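Examination of the molecular architecture
Now for the letters of each chain:
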Amino acid sequence: MKAIEIKKDIYWIGGIDWDLRNFHGYLTQRGSTYNSYLIVDEKITLIDNVKHYLFEEQLSRISQIIDPAKIDYVIQNHIEMDHSGSLPRIMELCPNAQVVASPQGVEGLPKHYKKKWNFKTVKSGDVLELGKRQLHFVQTPMVHWPDNMVSYCPQEKMLFSNDAFGQHIASSERFDDEYPFNIMMHEAAKYYANIVLPYGRQVQKALETVGTLKIETICPSHGLIIRKYIPEILEIYKKWSANEVDKKALIIYDTMWGSTRMIANSIQEAFEAKGYQTRLFNLQNIHISDIMTEILTAKYICVGSPTLNNNILPTVASFLTYLKGLAPKDRVGLAFGSYGWGGQSVGIVEKILQECGFEMLDQIKLQYVPDKDVLNEKEKQLIEMIK
Ligand code: FEO
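Residues numbered from 1 in each chain as written. Predicted model: local features only at pLDDT ≥ 70, side-chain atom pairs only at ≥ 80, totals over all residues. Heavy atoms only, no water.

**Regarding the overall build of the chain**
So the rule is basically this: The way it works is that DSSP assigns letters per residue, a run of H or I at least four long becomes a helix, a run of E at least two long becomes a strand, and they are numbered from the N terminus. Accessibility here uses a 1.4 Å probe with only protein chains present; expressed as a share of the type maximum, an area under 20% marks a residue as buried, one over 50% as exposed, and anything in between as partly exposed. Methods summary: accessible areas were calculated by the Shrake-Rupley approach with a probe of 1.4 Å, and residue burial reflects only the protein chains presented.
Counting its secondary structure elements, the chain contains 12 helices and 22 strands. If one aligns the C-alpha atoms of the chain with their principal axes, the spans along those axes are about 80 × 40 × 35 Å. Expressed as a percentage of its 387 residues, the buried residues of the chain come to 58%. Carbon and sulfur atoms form 50% of the exposed surface of the chain, whose accessible area is close to 16,100 Å².

Have a look at this one:
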């Protein structure tokens, strides 16, 4: 439970959530951290907090450095409870500290915690003097809630980015250069796809501002602190926020007796014939949040369900609900499935994909066990449609 000095008198004092596996529907196989930072200057400043059940861990780390009663400022870059849950307990120890947040943050915190703390509202361009250092604030609404902001210390070239650039990783390592690069980037992608994806335009706006700053260290509020791979993470955020996709097609389905799987296999053959990377996902075997990681860079999203009780299978319904909420842009969809008599499933899938705003290819709907010649014909037709 050691505090980690990032730069002289600037410490990581967060909490490590080794057990976390579910972040409101997002499967977090590697756990997470809630990063909290302490700047020891003329004004003692705490940046962000941790989930409520990791308060003791955070406090233990703070107490290794200073008496918590000496904290002057608590910067709350974001009020979601993973970053503010320990705030009430912290404020019991330093009741005169000022709680610094955006206008939406100052409005939201009392609604969460029913407390009247000494609030200080800051907006983009405002500067807080800490002594030798300053914190400059930039509001980044919807990355991830309306209240989000980032704090930048120009003297240290450090950006405290909160949810932006985060990864759900629990580890004893604190820095990007101490941890496998590919796993970190995979988790950054999964995080973006499952948390930030609906807000691409807002991310681009935030990147424009961040791009003007000299940054040597990015201190996000989840996962590893980034000091080596800053160009890489900024570049990939530009790609993701611009909805740039790879030549990749996903075929996502569930099946009752194997017929929808046969159609899925034919669709995959068609995309491979056109030189696409493909991923075939049976919803019985993969978590929807892992599919989202692939959707982040996939152009074609093909979804299949047989008809069950005039409807679609529950696994497919769950995936489509999640997909619609995360709202990837500029994708092409295809609905497919087998049926016995009613055959409603393909139309239901198609309607939801249309509601996602996807351009649609002609649906593929086949009765009972598909005939091989019919499948070959459908495959040929699909090859013609794929750009
Ligand atoms: Fe990590 Fe939006 O909270």
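**Regarding the packing of helix H10 (residues 314-326) against helix H11 (residues 345-355)**
This is how the line gets drawn: Angular values range over 0 to 180 degrees, each being the angle between N-to-C directions of two axes fitted as lines to C-alpha atoms, with helices fitted over their stretch in contact. Roughly parallel covers angles under 35 degrees, roughly antiparallel covers those over 145, roughly perpendicular covers 65 to 115, and oblique covers all other angles. Whether two residues are in contact is decided by their heavy atoms: any pair within 4.5 Å suffices.
Two elements in contact, H10 and H11, have axes separated by 10 Å at closest approach and are oriented at 10°. Classed by the angle they form, the pair H10 and H11 counts as roughly parallel. Along the contact surface, H10 presents Val-316, Leu-320, Leu-323 and Lys-324, while H11 presents Val-349, Ile-352, Leu-353 and Glu-355.

**Structural notes on helix H12 (residues 372-385)**
Selection criterion: Multiplying one less than the number of residues by 1.5 Å gives the expected span of a helix. By construction, the arc corresponds to the directions joining the helix axis to the C-beta atoms. Polar contact criterion, stated in full: a pair of N or O atoms within 3.5 Å, where within protein one must be able to donate a hydrogen and the other to accept it, and residues adjacent in sequence count only if both atoms are side-chain atoms.
The end-to-end C-alpha separation of H12 is 20 Å, in line with the 20 Å expected for 14 residues at 1.5 Å each. Turning to H12, its buried residues are Leu-375, Glu-379 and Leu-382. Looking straight down H12, one finds its buried side chains confined to an arc of 65°; they lie on one side. Opposite the buried face of H12, at more than 90 degrees from it, the exposed residues are Asp-373, Lys-380 and Glu-384. On its buried side, H12 packs onto helix H8 (259-273), strand S20 (332-339) and strand S22 (364-367). Where H12 begins, the capping side chain belongs to Asp-371, and its oxygen is found 3.1 Å from the backbone nitrogen of Asp-373.

**Considerations on the pattern of salt bridges**
Rule in force here: The salt bridge criterion pairs a side-chain nitrogen of Lys or Arg with a carboxyl oxygen of Asp or Glu, the two atoms within 4 Å.
With the rule as written, the count across this model stands at 18 salt bridges. For Arg-227, the salt bridge goes to Glu-178, with nearest N and O atoms at 4.0 Å. Remark: Glu-178 occurs in the loop between strand S15 (158-162) and helix H5 (181-196) and Arg-227 occurs in the loop between strand S16 (217-220) and helix H7 (230-241); sequence separation between them is 49 residues. The exposure class of Arg-227 is partly exposed, given its relative accessible area of 38%. Note that Arg-279 and Glu-294 form a salt bridge whose closest N and O atoms lie 3.4 Å from each other. Residue Arg-279 is found in strand S18 (residues 277-282), and its partner Glu-294 is found in helix H9 (residues 288-295); the two are separated by 15 residues along the sequence.

**Let's talk about the packing of aromatic side chains**
Here is the rule: Put simply, two rings from Phe, Tyr or Trp (the six-membered ring, in Trp's case) pair if the centres are within 6.5 Å, and we call them stacked under 30 degrees between planes, edge-to-face over 60, tilted for the rest. Put simply, a charge is over a ring when the Lys NZ or the Arg CZ is close to the ring centre, within 6 Å, and near the line of the ring normal, within 35 degrees.
Tallied over the full model, the rule gives 11 aromatic pairs. An aromatic cluster is present here, built from Phe-165, Tyr-192, Tyr-237 and Trp-240 joined pairwise through their rings. Of note, Lys-299 hangs over the ring of Tyr-300, and the distance from its end group to the ring centre comes to 5.7 Å. One Lys or Arg, Lys-365, reaches over the ring of Tyr-339 and ends 5.2 Å from the middle of that ring.

**Considering the pairing of strand S11 (residues 118-121)**
What counts here: In this description, strands pair whenever DSSP reports at least two bridges between them. Look down the strands so they point away from you; if the path from the first strand over the helix to the second goes clockwise, the crossover is right-handed.
When strand S10 (residues 98-101) meets S11, the two strands line up parallel, connected through four bridges. Note on S11: the bridge partner recorded for Ala-101 is Thr-121. For the crossover from S10 across helix H4 (residues 103-113) to S11, the handedness is right-handed.

**Points about the sheet that holds strand S9 (residues 71-75)**
Taken in spatial order, the seven strands of this open sheet run S1-S2-S7-S8-S9-S10-S11, and their pairing is mixed. Edge positions in the open sheet fall to strand S1 (4-7) and S11, since each of these has one partner strand only. Taken over all neighbouring pairs, the strand axes of this sheet differ in orientation by 25° on average, direction set aside. Examined bridge by bridge, S9 and S10 share three bridges and lie parallel to one another. Bridging across to S10, Ile-75 finds its partner in Val-100. Along the sheet face, H4 touches S10 and S11 and points at about 155° away from the line of S11.

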